[in-house]
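Given next are the chains, with one letter for each unit.
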Amino acid sequence: MKKILVTLMLLSSFSLFAIEDIERVLIQKAETPEQKQVVKEYLLKIAQEHEDLSKRYKRMSVATKGGKAVYQSNKKAEMEELADKFAEDAKIYRAEAEKLK
């Protein structure tokens, strides 16, 4: 149990976008209800982190700091793209977590 938790914590620091291969392996290898619960909690934690990042990037996209209009427009588009990507990834993590019962 402790090994699984340590592995999950290490994985959370490396995961950037969508479910990684190692996370898929964890999902597939979880057999007991306890293991499934740990993996589910991990996936939900990652989903929450991605949702928080999505909200942060959305807020950053509307913040103005002065400067050229083209730069502002490009920065806004970049922040919105990141926000959308993190929101999409959060949905993927939540869907995978719901599959574990």
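**Q** I'd like a description of the overall build of the protein chain, backed by residues and values.
**A** If you tally the helices and strands in the protein chain, you get four helices and zero strands. For the protein chain, the sequential pattern of α-helices and β-strands runs α-α-α-α. Out of the 101 residues belonging to the protein chain, those deemed buried represent 29%. For the protein chain, the share of sequence-separated contacts (at least 6 apart) that also reach a separation of at least 24 residues comes to 75%.

**Q** Summarise the environment of Glu 88; cite the residues concerned and give the values.
**A** With respect to the element layout, Glu 88 can be found in helix 4 (residues 69-99). Residue classification places Glu 88 among the partly exposed positions, given a relative accessible area of 45%. Each C-alpha atom, one on Glu 88 and one on Ala 47, is 9.6 Å from the other, the two residues being 41 residues apart in sequence.

**Q** I'd love a proper account of the packing of helix 2 (residues 21-29) against helix 3 (residues 33-62), names of residues and values included.
**A** Relative orientation of the contacting elements helix 2 and helix 3 amounts to 150 degrees, with a least axis distance of 9 Å. Considered as vectors, helix 2 and helix 3 are oriented roughly antiparallel to each other. Note that helix 2 runs across helix 3; the crossing there is left-handed. In this structure, helix 2 contributes Glu 23, Leu 26, Ile 27 and Lys 29 to the contact, and helix 3 contributes Gln 35, Val 39, Tyr 42 and Leu 43. Here the contact of helix 2 with helix 3 is built from residues that sort into five nonpolar, one polar and two charged.

**Q** Describe the confidence of the model for the protein chain, and please don't skip the residues or the numbers.
**A** With 79% of its residues at a pLDDT of at least 70, the protein chain reaches an overall mean of 81. By mean pLDDT, the top-scoring element of the protein chain is helix 3 (91), and the lowest-scoring one is helix 1 (residues 2-14) (50).

**Q** Pulling in residues and values, what's your account of the pattern of salt bridges?
**A** For the coordinates displayed, the defined rule picks out five salt bridges. The partner of Lys 45 in a salt bridge is Glu 49, with the nearest N and O atoms 3.0 Å apart. Here the residue Lys 45 and the residue Glu 49 both occupy positions in helix 3, the gap between them amounting to four residues, near one helical turn. Of the residues examined, Lys 45 reaches a relative accessible area of 42% and is grouped as partly exposed. Between Glu 51 and Arg 94 there is a salt bridge; the shortest N-O distance is 2.9 Å. With Glu 51 in helix 3 and Arg 94 in helix 4, this residue pair connects regions lying 43 residues apart in the sequence. Note on Glu 51: relative accessible area 22%, which makes it partly exposed. Residue classification places Arg 94 among the partly exposed positions, given a relative accessible area of 30%.

The rules behind the values
- Residues numbered from 1 in each chain as written.
- Predicted model: local features only at pLDDT ≥ 70, side-chain atom pairs only at ≥ 80, totals over all residues.
- Heavy atoms only, no water.
- Helix = DSSP H or I, 4+ residues; strand = E, 2+ residues; numbered from the N terminus.
- Buried < 20%, exposed > 50% of the residue type's maximum accessible area, 1.4 Å probe, protein only.
- Contact = heavy atoms within 4.5 Å.
- Axes fitted to C-alpha atoms, helices over the stretch in contact; angles between N-to-C directions.
- Parallel < 35°, antiparallel > 145°, perpendicular 65-115°, else oblique.
- Left-handed = near helix turned anticlockwise from the far one by under 90°.
- Nonpolar A, V, L, I, M, F, W, Y, C, P; charged D, E, K, R; others polar.
- pLDDT = per-residue confidence, 0-100.
- Salt bridge = Lys/Arg side-chain N within 4 Å of Asp/Glu carboxyl O.

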